Each structure stands twice: as structure tokens, then as C-alpha cells.
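Examination of the molecular architecture
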Amino acid sequence: MYAGADYIKTSTGKLEPAATPEAAFVMCQAIKEYYDKTGIQIGFKPAGGMKTVEDALTYYTIVKEVLGEKWLTNQWLRLGTSSLANKLLSDIEGKDVKFF
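What you are looking at is a predicted structure, and each value in this text was computed from that prediction instead of being measured. (Residues numbered from 1 in each chain as written. Predicted model: local features only at pLDDT ≥ 70, side-chain atom pairs only at ≥ 80, totals over all residues. Heavy atoms only, no water.)

1. Overview of the packing of aromatic side chains
Using the following cut-off: Stacked, edge-to-face and tilted labels apply to pairs of Phe, Tyr and Trp rings (six-membered ring for Trp) whose centres lie within 6.5 Å, assigned for plane angles under 30 degrees, over 60, and everything in between, in that order. Each helix is a run of H or I in the DSSP string that is no shorter than four residues. Each strand is a run of E no shorter than two, and both are numbered from the N terminus. Working definition: with a 1.4 Å probe on protein chains only, accessible area under 20% of the residue-type maximum means buried, over 50% means exposed, and in between means partly exposed.
By the definition in use, this model includes two aromatic pairs. Aromatic side chains Tyr 2 and Tyr 34 sit 4.7 Å apart centroid to centroid with 85° between the ring planes, which places their arrangement in the edge-to-face category. In this pair, Tyr 2 sits in the segment before strand E1 (7–9) while Tyr 34 sits in helix H1 (residues 21–38), placing the two residues 32 residues apart along the sequence. Taking the relative accessible area as the measure of exposure, Tyr 2 reaches 61% and is therefore exposed. For the pair Tyr 35 and Trp 71, a centre-to-centre distance of 5.1 Å together with 85° between the ring planes defines the contact as edge-to-face. Of this pair, Tyr 35 sits in helix H1 while Trp 71 is found in the loop between helix H2 (53–66) and helix H3 (82–93), placing the two residues 36 residues apart along the sequence. The exposure class assigned to Trp 71 is buried, which follows from its relative accessible area of 1%.

2. Here we look at a nonpolar patch on the surface
Where we set the bar: To count toward a patch, a residue needs a relative accessible area over 30% and no salt bridge; like charges are then connected within 9 Å, while nonpolar side chains (Val, Leu, Ile, Met, Phe, Trp, Tyr) are connected within 5 Å. Here, Shrake-Rupley sampling with a 1.4 Å probe gives the accessible areas, and only protein chains in the shown set may cover a residue. For salt bridges, the criterion is a side-chain nitrogen of Lys or Arg within 4 Å of an Asp or Glu carboxyl oxygen.
Together, Val 53, Leu 57, Tyr 60 and Leu 88 make up a nonpolar patch on the protein surface, roughly 330 Å² of accessible area in all. No other element matches H2, which puts three residues into the nonpolar patch.

Structure below.
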């Protein structure tokens, strides 16, 4: 962050372990401390390991509780979970669809 990052990300999401709630919590605390010291907002992207809506809600809740609602936009929070996106879109469409 001090080197100029716009976002920090838990992992590539391609290898295990990927995102974990514990890592997300620590990273969000670091973002909060940086923001409190500098006034510069940094985005957060947990990536990998999210397979259910409940998993996504866990990360959403961590961001909301640690960083606040200001981070709950697509500008500052991005969930790295293409497999979950496929599942949600398939459920909406009512059929198996592969979008990503």
C-alpha cells in the first residue's frame, strides 16, 4: 500500500490455500490502519475458495465490519469467484450455463 497499490488481493485464487476469512480479516485491518494514517482508500479483493453464497457473505461481512460501508461498492470490493458467478447466473437462468 505504501508503494502505491490501488488494491490488495488475498491470492491469485488459482492455488490452495486461496482466500481465507482469517487472511481477509488481517488484510482489512491493514487497509483500515493505512486509511486512518493516510486518508487514502485502498480496494480489497479476496480471491479463490468461495464456492457458496455463504462464503461470499462471509467476506462481505468482514469488509463491512472492519472497513465500513464505504468499501461496499464495486470500486473498492471485488470478490474473486468466477465459479460462484456461474452458479448464481445458472440459478437465475434456471439452467446450467457457463459464462466464465
